Amino acid sequence: MLKQLSDWLDNRTGYKHLISETLDEPVKGGARWKYVFGSAVTTAFMMQLITGIFLMTAYSPSSSTAWGSVYFISYEMVGGWFVRGMHHFGAQAMVILLFLHLLQVLIAGAYHAPREVNWWLGMVLLFITLGFSLTGYLLPWDQKGYWATKVATNIMGLTPLFGAQVQKVVVGGSEYGNQTLTRFFGLHVGVLPGLLIMTLAAHIMVFRRHGVTAPKSSTGSEPFWPKQVFMDTVASVAVVGVVAFFAIAERGAPLDAPAEPSSSDYPARPEWYFLSLFQLLKQPAFAGENEIIGAIIVPGAIVAALFAFPLLEKFIPRKLAHLLACGLVFGLTGAAGLLTMQAMTADSGDADFKISRDKADVARRRALFLAGNPKAGVPPEGSRYLLLNDPLHTGQQILEQKCLSCHYFDGKGVMERGKDGKKVMTRQVASDLSGFGSRGWVRGLLDNPSDTKYFGTTPQCGGMKRWKKTSKLKPDELDKVADFVASFAKVGNEETIDDWMTKEDVTKHPGLELFKKDCGRCHTVDAGGALGEGGEEEAPNLFGWGSPRWIQRMIRHPEAADRYGFLEQKGQMPGFDETELAVREMTVLMKLLKGDYIPNPPEPAKAGSH
Amino acid sequence: MGEPPKEKPVTEPNRRSFHKFGSILLGSIIGAVLTIPGIGFILSPILRKTDAEDGESTGDGFQALAKLSDLQEGIPKVFPVLGKVKDAWVQYPEEPVGSVWLVRKGEAVDAFSAECPHLGCAVSLGPDGNSFFCPCHTSAFTLEGKPNNPVPPRAMDSLEVVLKQTPASDETEIRVKFQRFRTAIPEKSPLA
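What counts as what
- Residues numbered from 1 in each chain as written.
- Chains lettered and ligands numbered in written order.
- Predicted model: local features only at pLDDT ≥ 70, side-chain atom pairs only at ≥ 80, totals over all residues.
- Helix = DSSP H or I, 4+ residues; strand = E, 2+ residues; numbered from the N terminus.
- Rg over C-alpha atoms; globule rule 2.2 N^0.38 Å.
- Buried ≥ 20, exposed ≤ 12 C-beta atoms within 10 Å, placed from the backbone.
- Contact = placed C-beta atoms within 7 Å.
- Pairing = 2+ DSSP bridges.
- Axes fitted to C-alpha atoms, helices over the stretch in contact; angles between N-to-C directions.
- Parallel < 35°, antiparallel > 145°, perpendicular 65-115°, else oblique.
- Left-handed = near helix turned anticlockwise from the far one by under 90°.
- Nonpolar A, V, L, I, M, F, W, Y, C, P; charged D, E, K, R; others polar.
- Core = buried A, V, L, I, M, F, W, Y, C linked by C-beta atoms within 7 Å.
- Domains from an automatic or database assignment.
- pLDDT = per-residue confidence, 0-100.

J.: In this structure, what is going on with the overall build of chain A? I would like to understand it.
T.: The helix and strand tally for chain A stands at 24 helices and four strands. Computed over its C-alpha atoms, the radius of gyration of chain A comes to 34 Å, more than 25% above the 25 Å expected for a compact globule of 610 residues. With respect to the principal axes defined by its C-alpha atoms, chain A has extents near 110 × 65 × 40 Å. Burial statistics for chain A: of 610 residues in total, 35% are counted as buried.

J.: Mind showing me how you'd approach the overall build of chain B here?
T.: The helix and strand inventory of chain B stands at three helices and 11 strands. Helices and strands appear in chain B in the N-to-C order α-α-α-β-β-β-β-β-β-β-β-β-β-β. For chain B, the proportion of its 192 residues judged to be buried stands at 21%. Sequence separation of 24 or more characterises 45% of the internal contacts of chain B that already satisfy a separation of 6 or more.

J.: Teacher, can you tell me more about helix α4 (residues 66–75) of chain A here?
T.: One turn of an α-helix holds 3.6 residues; hence residues three or four places apart share an orientation. The element α4 of chain A is extensively covered by neighbouring structure, given that nine of its 10 residues are classed as buried. Listed as buried for α4 of chain A are A66, W67, G68, S69, V70, Y71, F72, I73 and S74 of chain A. On its buried face, α4 of chain A is in contact with α3 (36–56), α5 (80–107), α9 (178–210) and α14 (351–371) of chain A together with β4 (90–91) of chain B.

J.: So what exactly am I meant to see when it comes to the sheet that holds strand β9 (residues 140–141) of chain B here?
T.: Hydrogen bonds between backbone groups are what pair the strands of a sheet, and the pairing can be parallel or antiparallel. Strand order in this open sheet of three strands is β7-β8-β9 (chain B), and the pairing throughout is antiparallel. A single partner strand is all that each edge strand has here, and the edge strands are β7 (124–125) and β9 of chain B.

J.: I would appreciate a short explanation of the packing of α5 of chain A against helix α6 (residues 116–138) of chain A in the present structure.
T.: All names here are of chain A. Relative to each other, α5 and α6 sit at 160°, their axes nearing to 10 Å. Taken together, α5 and α6 sit at an angle that is classed as roughly antiparallel. With respect to the hand of their crossing, α5 and α6 are arranged in left-handed fashion. The segment α5 lies against α6, with A91, M94, V95, L98, L102 and V105 engaging G122, L126, T129, F132, S133 and G136. Residues that form the contact of α5 with α6 fall into these classes: eight nonpolar, four polar and no charged.

J.: Can you help me understand the nonpolar core in this one?
T.: Generally speaking, soluble globular proteins have nonpolar side chains that are buried together. Residues and elements named next belong to chain A. Core analysis: the biggest nonpolar cluster contains 85 residues, and A44, M94, L97 and V243 have the highest contact counts within it. Considering each element in turn, this core owes the most residues, 12 residues, to α5. Excluding residues within four positions of it along the chain, V243 makes contact with M47, M86, F89, G90 and A93.

J.: Help me out: how do you make sense of the packing of α3 of chain A against α5 of chain A in this one?
T.: Packed helix pairs are characterised by how far apart their axes lie and by the angle those axes make with each other. Residues and elements named next belong to chain A. Orientation of α3 relative to α5, taken along the N-to-C sense of each, is 160°, at an axis distance of 8 Å. When the axes of α3 and α5 are compared, the pair comes out roughly antiparallel. By crossing handedness, the relation of α3 to α5 is classed as left-handed. Residue classes in the contact of α3 with α5 are distributed as 16 nonpolar, eight polar and one charged.

J.: When you look at the sheet that holds strand β6 (residues 108–113) of chain B in this model, what are you seeing that I'm missing?
T.: Residue and element names in this part refer to chain B. Strand order across the open sheet formed by three strands is β2-β5-β6, with antiparallel pairing between neighbours. A strand with exactly one partner marks an edge of an open sheet, and here the two such strands are β2 (77–83) and β6. Each strand axis lies, on average, 40° off the axis of its neighbour in the sheet, ignoring direction.

J.: Would you mind showing me how to read the interface of chain B and chain A here?
T.: By a widely used convention, the size of an interface equals the accessible area lost when the partners come together. Counting from both sides, the interface comprises 31 residues of chain B and, opposite them, 35 residues of chain A. At the level of secondary structure, the elements contributing two or more residues to the side of chain B that touches chain A comprise α1 (8–42), α2 (44–47) and β4 of chain B.

J.: Explanation requested: the domain arrangement of chain A in the structure shown.
T.: All names here are of chain A. Segmentation of chain A into domains returns domain 1 (36–141 + 193–215 + 223–255), domain 2 (275–348) and domain 3 (439–593). Just the C-alpha atoms count here: the centres of domain 1 and domain 2 sit 24 Å apart. Elements that contribute at least two residues to the side of domain 1 that touches domain 2 include exactly α5 and α6. If one sorts the elements of the side of domain 1 that touches domain 2 by residue count, α6 sits on top with four residues. Of the residues contributing to the side of domain 1 that touches domain 2, the split by class is seven nonpolar, two polar and one charged.

J.: Help me out: how do you make sense of the environment of G382 of chain A in this one?
T.: All names here are of chain A. Position of G382 among the secondary structure elements: in the loop between α14 and α15 (384–388). Between the alpha carbons of G382 and P258 there is a distance of 9.4 Å; along the sequence they are 124 residues apart. Leaving out residues up to four positions away in the same chain, G382 has contacts with S63 and S64.

J.: Can you help me understand the environment of I75 of chain B in this one?
T.: Residue and element names in this part refer to chain B. Looking at the element boundaries, I75 is found in the loop between β1 (62–67) and β2. On the neighbour-count criterion, I75 (13 C-beta atoms within 10 Å) is partly exposed. A C-alpha to C-alpha distance of 6.2 Å links I75 and V103, two positions 28 residues apart in sequence.

J.: What exactly am I supposed to notice about helix α11 (residues 275–282) of chain A here?
T.: Taken as a whole, α11 of chain A has its buried residues at S276, F278 and L280 of chain A. On the buried face of α11 of chain A, the contacting elements are α12 (291–312) and α13 (318–348) of chain A.

J.: Which parts of the structure should I look at to understand unusual backbone geometry?
T.: All names here are of chain A. Going from A113 to P114, the amide bond is cis rather than trans, its omega being 10°. Mapped onto the elements, P114 comes out in the loop between α5 and α6. Residue P226 is bonded to the preceding W225 through a cis peptide linkage, with omega at 5°. Along the chain, P226 falls in helix α10 (residues 224–249). The phi dihedral of W141 falls on the positive side, at around 55°, and the residue is not glycine. Structurally, the position occupied by W141 is in the loop between α6 and α7 (143–156).

J.: Even after reading the chapter, I still don't get the confidence of the model for chain A, so can you show me in this structure?
T.: Low-pLDDT portions of the prediction should not be read for the details of their coordinates. All names here are of chain A. Taken residue by residue, chain A gives an average pLDDT of 92. The fraction at 70 or more is 99%. α4 holds the highest mean pLDDT among the elements of chain A, 97, whereas strand β3 (residues 415–417) holds the lowest, 84. Within the model, the stretch residues 605–610 combines pLDDT values under 50 with seven contacts to residues more than four positions away or in other chains.

And the structure:
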């Protein structure tokens, strides 16, 4: 029955002949382990094809969704980490195996006539594979892929004549975004696989025409099936096994923080097998105008030389040509190895690189934590806003960039490079903002206004210090005042002073009378002076002190009469209007100061210091 | 190849079958390593615990849709249901996720999911204003939600309703527990 069916099918399709053609192909000189490289590369490619198709069913190519979908694949979908891990390490295996295959073919002299065309097809396959890795690297739209791709496409733009146009077409404009991703995705999953399959088919076809390059001493032949197939399969198992080992050991593929075009210190590095080219560009010889030599001409010349190998024998004796070809490849491999090591040691010895990388890792962990937190999750605006809207991440950044050149936070300023090139902490000339507006902050101030946390380093703000010298309030009374003042921070954005003043929380507060008597001598709250007439010394108005509305006005208009307008110009805080501090930035900054954010989980808190 | 000729008749068939079976076995292992995790990947929606379990359905799952005074006796009115939606990796803020028909009967209220039990289209009001009608495959229902023709497999999906006096005013709040049900089957079986 089965026989009848297969006979029928064979009669209609001729498949049996096709199979025997494939499997009974004679291997000159018999099966050998050294012929496995081609099949191993093919297996690696099949692995990429299978895992890639799975990934394609879950990936979403747009700048707002790519990172989130890759996060979802890696951390939420069943086996997603493994599938993506296999794809990630499989890509590297493919590059390594291609290189080994190239070396094997080179040493065996399998590029000589009549196999020139197959050498060239192999070269094309190598470039298609590098195209895969270049386009694939960008797809997660994380910091690593974003910056590496930016550099790679800018190098492309260096190409004489039409480089700029090619770059614009590949990137889909001059900005990196949705069009870049859709184009890279299309190349990665459509164009390149098509090209690779066609070229691979031609490569195998041409290979079959000429057969293996057997050693001269060998005689006879043996069919491909089963011995050579077995050897190839063993090699393939080794490839899949090693890739699976890495995928499991590393718990999948890495995912950096979402791409952030405004990053100022992201330490971009290409994939390790491009590190030699990366390092080449850092050589002083290729600086400035000579950049194009390191970026295009040298790699281009190497490629041209590789392509020319089979033609050398037309001009010089075959043996010499072979020696030259092998010498060049081994020399280049050595040089590339050296450059790669140089690149790695340069980074590991560079303290600034380490600081930036640590910072990037803090962002990465924060993004992954927020994406998986049911109270956060990737916002609809896009993955980038996961961190942009996060008070802890972005608020802290704004604080460091805009506030900590004068203020301190938690006893620290920021490290800045002095004129002598050494990094020093900024000098504190204003209060410490951590806990600003909280009861603890107020109570501390009432205890010791001269502390560096308060007005100790602020030359003009002596009012509180002078009050402290004369005040007779006892600690329990100071407690009540602190309670009262800390309650100001709860004043809502829409609340009017009249509404607030009639609240029982205010009218019956135990600290109210003490506040009027002591604080009210200098500070005002309401215009009528019910809570304090002020006047003894100039002082800011305290209505809503410590609340977002008070702080916002302080940031936008520190020179206002109800803030610190009474100080001399040079002692005043500079104001920040909406061009200097956008509304969104103000919002996250407020939330940071109010502690209104999802705290990090306690475990790996070590790397968080800068 | 390369073997001493005398051994050939003995070892060749064994060796051949070793290579054959070895190739097939190892090939299958490669296939399994690559496809089994992938199949799990594709089956994620079935294998993963549902999002509803870690979602934040506030308390008992009931939400106020309207006040009793918004409804007139026997005149159905449709109201949106709000919910926080997690669409794969994207967390949306609270927004309308479905609609509910409310029909007042004296001091009681019937609530029906506007999702047709047939194939999930949105059920609207019939042209007479006195029945429900689905514009997709013409399912028709009475105002009590009972099938009016043989198209729908069951009655409209009624939802649990609680009427609650609000403390501030003397209004009665209509609180409904919104749920989705499997379509196209005679039983009313909740989804997820």
